[in-house]
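Take a look at the letters that make up each chain.
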Amino acid sequence: MAGGRRLWLAVAAIAVLGLALRVAAGTGALWLDEAWSAVQAHDVGTPLGVFLNINHDNNHHLNTLWLQMVGLDAPPVLQRGLSVLTGTAAIVVAALIGRRDGVAMALVAALLFAVSPLLVIYGSEARGYAPMILALMVAALLAARWMDDPGQRLPVVPLALASLLGMASQLTMAFGLAAMALWVVLTLKHGRSWRETLMLSARVLLPLALPAIAMLGLILWAAQGELQFGNVEAFSWASWWNGVSLLANYWIGGILPIALLVLLLGLGEAPLARKAERNELAYWVILLLVPLAIALAQLPNSGAPRYHIVASIGGLMLMAVLIARRIEWPGLARMFGCIAIVVVAWFALDKDWRLIVDQRADPGRAIAAMRDRAPAGADVTAERDRAVAVLRAASVSSGYRLTIVETPCPAPRFLFVDRDGFDRFPDAPEHCGTIYQPIAEAHPEGLSGTHWKLYERVAEEHR
């Protein structure tokens, strides 16, 4: 009993660390996708409108409902509160799953979920990825427990809720559910005929599939064939590789710690064969292969790292298994396992710190720069329409009176220019016959955010 209490006190401490990282990474103003979600949630007015009137892939329904509830003028960290809370809860669920394999697995899984820069990124932004990950982890835990003894009562309602809430959070939940279907069938096949396997599998898969299909059907019905997409990029192997490599770079802090981890786990004895594997191990392997399935299906937008996010969950849990098994084994295996978790935590926390300092190129810094020069309020124009929501959300949440000019002339005092990737900024842009000079800029660290520069109108006498 005392040992169990110590374990969960340690898990609670790790969860507090994960919570602190997510809160610290979520204090800057909302970036592009978040800002549009917040503005759409505000403008649509009602919860029903979230489901019926925002027919856009940027609408992560559960997150949009949260943004509508807290309001456009809420502090950014509160607007990201749903992701912060669910991202933190996923740390505890990872420990619950890991505990099925031992104390070491519970602690290592919790720590990896707490410090992974990838999960810190998506657990500290107002999007649907963190609640989706939590729902998927809960569904995996419930399914794994039931498959230990299929004769026990099936948790139908919790499974259905996990599926529904996951799909309402982010539709990439479908990739995780598809992988779960394969996992369930392969696991239940052992020692059974195909007929018995399919009958048993249907019992657990129907409560997962029906809510998911219903949610997808609601989205398509509400859109009436006019579902909009912010960006649709045709499949290419180069783009796919870019998305997967970016995901891997933020998985545990970069390519170097992954290489060191492979080296450390390849040294010493290999204790894995000496311990019976849990059912869920196969699920983590299948999840890790999801990007390959996406490539073979040549699905669009595969260059976006978030598209492959369910694979990162499988990868983190497999990593936890490999490290924990070595920590449990005496001698060199334990030493290398301990070194491995220190290496991973060191590199992950270093990248987390850089994410916290950068705040996704915090657009609130543009508002602060305008406030310094025009304390009573200012007018600004955005070079691209997409930045309008960013400026609106940042100004409202900070309480600054900002007029966003959407007509060509007259030239407002400030000009906001944003760019993707390595696209160049103008040195001295001209707008409505007026020259502007740069006064502030920021560049994002991580997988979210856009590069931006704020320009101020050059006074006539200084031209």
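Residues numbered from 1 in each chain as written. Predicted model: local features only at pLDDT ≥ 70, side-chain atom pairs only at ≥ 80, totals over all residues. Heavy atoms only, no water.

**Q** I'm lost on the sheet that holds strand β5 (residues 434–442) in this one. Help?
**A** Sheet strands associate in pairs through backbone hydrogen bonding, adopting either a parallel or an antiparallel arrangement. Spatially, β2-β1-β3-β6-β5-β4 is the arrangement adopted by the six strands of the open sheet, whose pairing is mixed. Of all the strands in the sheet, just β2 (402–404) and β4 (430–431) have a single pairing partner and so form its edges. Pairing geometry for strand β1 (residues 378–382) and strand β3 (residues 414–419), over three bridges, is parallel. Counted as the bridge partner of Thr381 is Leu415 from β3. Docked against the sheet, helix α19 (residues 364–373) engages β1, β2, β3, β5 and β6 (451–457), running at close to 15 degrees with respect to β6. (Pairing = 2+ DSSP bridges. Helix = DSSP H or I, 4+ residues; strand = E, 2+ residues; numbered from the N terminus. Contact = heavy atoms within 4.5 Å. Axes fitted to C-alpha atoms, helices over the stretch in contact; angles between N-to-C directions.)

**Q** Help me out: how do you make sense of the side chain of His60 in this one?
**A** Turning to its location among the elements, His60 is positioned in the loop between α3 (47–52) and α4 (61–70). Look at His60 and you get buried, because its relative accessible area is 3%. In terms of polar contacts, His60 uses its side chain to reach the side chain of Gln170, at 3.2 Å. When residues no more than four places from it in sequence are discounted, the contact partners of His60 are Arg127, Gly128, Tyr129, Ala168, Ser169 and Gln170. (Buried < 20%, exposed > 50% of the residue type's maximum accessible area, 1.4 Å probe, protein only. Polar contact = N/O pair within 3.5 Å; in protein donor to acceptor, adjacent residues only side chain to side chain.)

**Q** What's the story with the state of the cysteines in this structure? I'm lost.
**A** Defined simply, a disulfide is a covalent bond joining two cysteines at their sulfur atoms. What the rule picks out here adds up to one disulfide. Covalent S-S linkage joins Cys409 and Cys432, the inter-sulfur distance amounting to 1.8 Å. The S-S bond linking Cys409 to Cys432 shows a torsion near 125 degrees; that makes this disulfide right-handed. One end of the pair, Cys409, is in the loop between β2 and β3; the other, Cys432, is in the loop between β4 and β5, and 23 residues separate them in sequence. (Disulfide = S-S within 2.5 Å.)

**Q** Is there a simple way to think about the packing of aromatic side chains in this case?
**A** Within a pair of aromatic rings, the relevant descriptors are the distance that separates the centres and the angle that separates the planes. By the definition in use, this model includes eight aromatic pairs. Taking the centre distance of 4.7 Å and the plane angle of 25 degrees together, the rings of Trp183 and Tyr283 count as stacked. Taken together, the positions of Trp183 in helix α11 (residues 173–188) and Tyr283 in helix α15 (residues 281–288) put the pair 100 residues apart, joining distant regions of the chain. Both residues of the pair, Trp183 and Tyr283, belong to the buried class. Both rings, one in Phe416 and one in Trp452, keep their centres 5.6 Å apart while their planes meet at 25 degrees; by these two values the pair is stacked. Placement of the pair is Phe416 in strand β3 and Trp452 in strand β6, with a sequence separation of 36 residues. Relative accessible area serves as the criterion here: at 3%, Phe416 is assigned to the buried category. The structure contains a cluster of three or more aromatic residues connected by ring pairs, namely Phe235, Trp237, Trp240 and Trp241. Over the aromatic face of Tyr250 sits the side chain of Lys351, whose NZ or CZ is 4.4 Å from the ring centroid. In this arrangement the basic side chain of Arg419 is found over the ring face of Phe425, its NZ or CZ atom lying 5.7 Å from the centre. (Phe/Tyr/Trp six-rings, centres within 6.5 Å; stacked < 30°, edge-to-face > 60°. Lys NZ or Arg CZ within 6 Å of the ring centre and 35° of its normal.)

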